[in-house]
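Chains, contacts and geometry: an overview
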Amino acid sequence: MQAETISPAVSTDLVHPKKHSKLANLMRELKKNKHYYILMSPYMLIFFAFTVIPVVISITLSFFYFNMLEFPRFIGWQNYSRLLLNDDVFMIAMRNTFLFAVFSGPISYIACFLFAWIINELSPKVRAIMTLVFYAPSISGNVFFIWLIVFSGDRYGYLNGFLIKWGFILEPIQWLTNEKYILPIIMIVQLWLSLGTSFLAFIAGLQTIDKSIIEAGAIDGIRNRWQELWFITLPSMRPQLMFGAVMQITGSFAVADISIALAGFPSVNYAGHTIVTHLMDYGTIRFEMGYASAIATVLFVIMLGTNMLTQKLLRRVGE
Amino acid sequence: MAAKTLGALRAPRKLNRSFTVSFILFLFLAVFGAFMVLPLVYAINNAFKPLDELFIFPPRFFVRNPTTDNFYDLVALMGNSWVPLSRYIVNTLFITIVGTVGHIILASAAAYPLAKFRFPGSKVLFSIVVMSLMFTGHVTAIPNYMVMSWLGWINTHASIIIPSLAFPLGLFLMKQFMEQIPDALLEAAKIDGASEYRIYAQIVMPNVKPAWLTLMILQFPALWGSDGGNFIYSENLKTLHYALGQITAGGIARAGVGAAVALILMIVPITLFIISQSNVIQTMATSGMKE
């Protein structure tokens, strides 16, 4: 009994001065570095207000029923159970999103690297032109409406016109309203647009590889470009490869605008529906904000989880 | 002959390169290059097609009798409408320029301390920024709307510009690039008595010009293509991209004008990239993620 009353007093006596000095230390540190905090503050203020805090709000809201008019009502895991057990359309959206992640994600990642790698073999002038050719679609904004003309359902559509002219089909195919074709078409256009930031990072990374390493490798017995790629190029580009992976994975989970522009919103039988379009449906049309937040939280967890996992895997490249 | 052309195309003095494989790879690149560039070439051609060529069957790829009628029609059409075309252009330019310049300044001001100094919170803040590269704005769309309406920014340009100032990719790339500024340079300035703000403005900023252009090339197209989203309702605040949507919604009679607007929308970011390409590549070389 006695020990119990004494020991806290003793421990606070011992800890207190240490704690105080720690706090004082921190204060001193903060004061010493105050210019840095001031420099960072405008960016960080906006970043927290529009990115960090919204994530927290979104996760919190996902446990509430909220329709923007009434006060939010706590309903626990109900949004999630409805989403995962009772929402057939969400299952379609999940399936489509994962198809994007499994197919167009890795394909676009490999394409980014492969094209950058071949372009790196060219002379500087040609290299600049080819870089532009491959990068241009991703910054030309909303030119993907061109693909609407290509896949247009009447015979004036490019693909239909071509196929009819050469006798492959007799009457036009409704490319963008036929469930069978919607998803592949969105994937093709998505791939066309996806050689963006990571592609540039790869181009840049390839140019900065130390020439002497390659020469040393040649002396050590590397005989062709494939061996050079595997034993020298890939390991020296690991940081860029990880950065590119983050960009491509995040992009492939967020397909929405292309689907809406090509297949409409909602698309025929939800054939082009993704998690993001599902989120838009509940967030901007039905105003079920709690439910939409649950969708957003699921998306957040999936994106973050996949990225972290990939980072772990990529760390092993060339080891 | 073929060997000579190939020799001219490929970079000089590379080890371990067989001719056949180079040839196959370049062919492969050319085929996919065509796939990438043809839609853009088509978009350019379309803008100069007279109406009868736009609706010809079978559809024709290249323009035969180029005309600038579509651009005149565009000006005439928008001159007659309730909101003149110049209004959309001014709005788009305003959003894009303020957003891009502001982003470069704020992101580099935040990147400088993170790149060069260790202080309480610096590591945590940077890892939060890196983490935010791993999800998109869709995740935060709903709370963003609520924050906007709480701030009273709905239906103002601020709702588009302000959040874009703190685009995380820009800070990330800027920070990675700033790390290669030699510490000695900063030390020297400090000994000469320059304040941190002066060092940032007069020493760090001029040394990271390639990174400015990179941030510009990433930020500019995003804002340039912005249609105002859910935030802007007033017609006189809307953007050029929104106007394009309105025009093409007018149906086939507006196909020529739509092609003209599309050309304007796509040509500006592409031109900027052509100008800044070598600087962008230089910055991207430092983009890697460390373990």
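This structure is a prediction, so every number in the text was calculated from the model and none was measured.

Rules of the game
- Residues numbered from 1 in each chain as written.
- Chains lettered and ligands numbered in written order.
- Predicted model: local features only at pLDDT ≥ 70, side-chain atom pairs only at ≥ 80, totals over all residues.
- Heavy atoms only, no water.
- UniProt positions renumbered as here; feature names shortened; annotations may be inferred.
- Helix = DSSP H or I, 4+ residues; strand = E, 2+ residues; numbered from the N terminus.
- Buried < 20%, exposed > 50% of the residue type's maximum accessible area, 1.4 Å probe, protein only.
- Polar contact = N/O pair within 3.5 Å; in protein donor to acceptor, adjacent residues only side chain to side chain.
- Contact = heavy atoms within 4.5 Å.
- Buried area = accessible area lost by both parts, 1.4 Å probe.
- Salt bridge = Lys/Arg side-chain N within 4 Å of Asp/Glu carboxyl O.
- Nonpolar A, V, L, I, M, F, W, Y, C, P; charged D, E, K, R; others polar.
- Phe/Tyr/Trp six-rings, centres within 6.5 Å; stacked < 30°, edge-to-face > 60°.
- Lys NZ or Arg CZ within 6 Å of the ring centre and 35° of its normal.
- Domains from an automatic or database assignment.

1. Thoughts on the UniProt feature "transmembrane region" (unreviewed entry) in chain A
Residues and elements named next belong to chain A.
- Sequence positions flagged by UniProt for "transmembrane region" (unreviewed entry) are, in local numbering, residues 36–66, 98–120, 132–150, 181–204, 241–265 and 285–306.
- When the span residues 241–265 is considered, its composition is 80% helix and 0% strand, and the gap between its end C-alpha atoms is 35 Å.
- Span residues 285–306 is 86% helix and 0% strand, its end C-alpha atoms 29 Å apart.

2. Things to note about the environment of Asn269 of chain A
Residues and elements named next belong to chain A.
- Mapped onto the elements of the fold, Asn269 is located in the loop between helix 13 (257–263) and helix 14 (275–285).
- Given a relative accessible area of 54%, Asn269 falls into the exposed group.
- Polar contacts involving the side chain of Asn269 include one to the side chain of Glu179, which spans 2.5 Å.

3. A word on the UniProt feature "transmembrane region" (unreviewed entry) in chain B
- In the numbering used here, UniProt assigns the "transmembrane region" (unreviewed entry) feature to residues 21–44, 88–112, 124–146, 152–173, 211–232 and 252–275 of chain B.
- With 64% helix and 0% strand, residues 152–173 of chain B has end C-alpha atoms that lie 32 Å from one another.

4. Comments concerning the interface of chain A and chain B
- Chain A puts 106 residues into the contact, and the matching count from chain B is 99 residues.
- With both chains or domains summed, chain A and chain B bury close to 8,900 Å², and 78% of this area falls on carbon and sulfur atoms.
- Here chain A is connected to chain B by zero salt bridges.
- There are twelve residue pairs in polar contact (both at pLDDT 80 or more) connecting chain A and chain B.
- A total of 21 residues in the side of chain A that touches chain B trace back to one element, the largest contributor, which is helix 2 (residues 34–61) of chain A.
- Looking at side-chain class alone, the side of chain A that touches chain B contains 73 nonpolar, 23 polar and ten charged residues.

5. As for the packing of aromatic side chains
- Within the structure shown, the criterion is met by 35 aromatic pairs over all chains.
- Arranged with centres 5.8 Å apart and planes meeting at 25°, the rings of Phe115 of chain A and Phe28 of chain B form a pair that is stacked. Here Phe115 of chain A, found in helix 4 (residues 88–119), pairs with Phe28 of chain B, found in helix 2 (residues 19–47), and the two come from separate chains.
- A residue is classified by how much of its surface remains accessible, and Phe28 of chain B, at 31% relative accessible area, is partly exposed.
- Both rings, one in Tyr112 of chain B and one in Phe117 of chain B, keep their centres 5.6 Å apart while their planes meet at 85°; by these two values the pair is edge-to-face.
- Here a set of aromatic residues connected by ring pairs shows up, and it is made of Tyr36 and Tyr37 of chain A together with Tyr112, Phe117, Phe119 and Tyr200 of chain B.
- Positioned above the aromatic ring of Tyr291 of chain A, the side-chain terminus of Arg82 of chain A is 3.8 Å from the ring centre.
- Directly above the aromatic system of Phe126 of chain B lies the positively charged group of Lys175 of chain B, at a separation of 3.9 Å from the ring centroid.

6. Looking at the domain arrangement of chain A
Residue and element names in this part refer to chain A.
- Segmenting chain A into domains produces domain 1 (26–74) and domain 2 (86–315).
- Each of domain 1 and domain 2 has a C-alpha centre, and the two are 31 Å apart.
- With nine residues of domain 1 at the interface, the matching set in domain 2 holds nine residues.
- Between domain 1 and domain 2, the buried area comes to about 700 Å², and carbon and sulfur atoms account for 67% of it.
- At the boundary of domain 1 with domain 2, the tally comes to zero salt bridges.
- Residue contributions to the side of domain 1 that touches domain 2 peak at four residues, all from helix 2.

7. Some words on unusual backbone geometry
- Residue Pro266 of chain A is reached from Phe265 of chain A by a cis peptide bond, and omega for that bond is -5°.
- Take Pro266 of chain A: it is sitting in the loop between helix 13 and helix 14.
- With a phi close to 55°, Phe287 of chain A is a non-glycine residue in the positive phi region.
- Secondary-structure assignment places Phe287 of chain A in the loop between helix 14 and helix 15 (289–314).
- One non-glycine residue, Asn155 of chain B, lies in positive phi territory at about 65°.
- The exposure class of Asn155 of chain B is partly exposed, given its relative accessible area of 23%.

8. Some details on the pattern of salt bridges
Residues and elements named next belong to chain A.
- Taken as a whole, this structure holds seven salt bridges over all chains when the rule is applied.
- Note that Glu29 and Lys32 form a salt bridge whose closest N and O atoms lie 3.3 Å from each other. Within this pair, Glu29 and its partner Lys32 are both found in helix 1 (residues 2–32), separated by three residues, close to a single helical turn.
- By relative accessible area, which is 29% here, Glu29 ends up partly exposed.
- Close ionic contact of Glu288 with Arg82 constitutes a salt bridge, the shortest N to O distance being 3.0 Å. Taken together, the residues span a long stretch of sequence, with Glu288 in the loop between helix 14 and helix 15 and Arg82 in helix 3 (residues 78–86) at a distance of 206 residues.
- Exposure remark for Glu288: the relative accessible area of 22% places this residue in the partly exposed category.
- The exposure class assigned to Arg82 is partly exposed, which follows from its relative accessible area of 31%.

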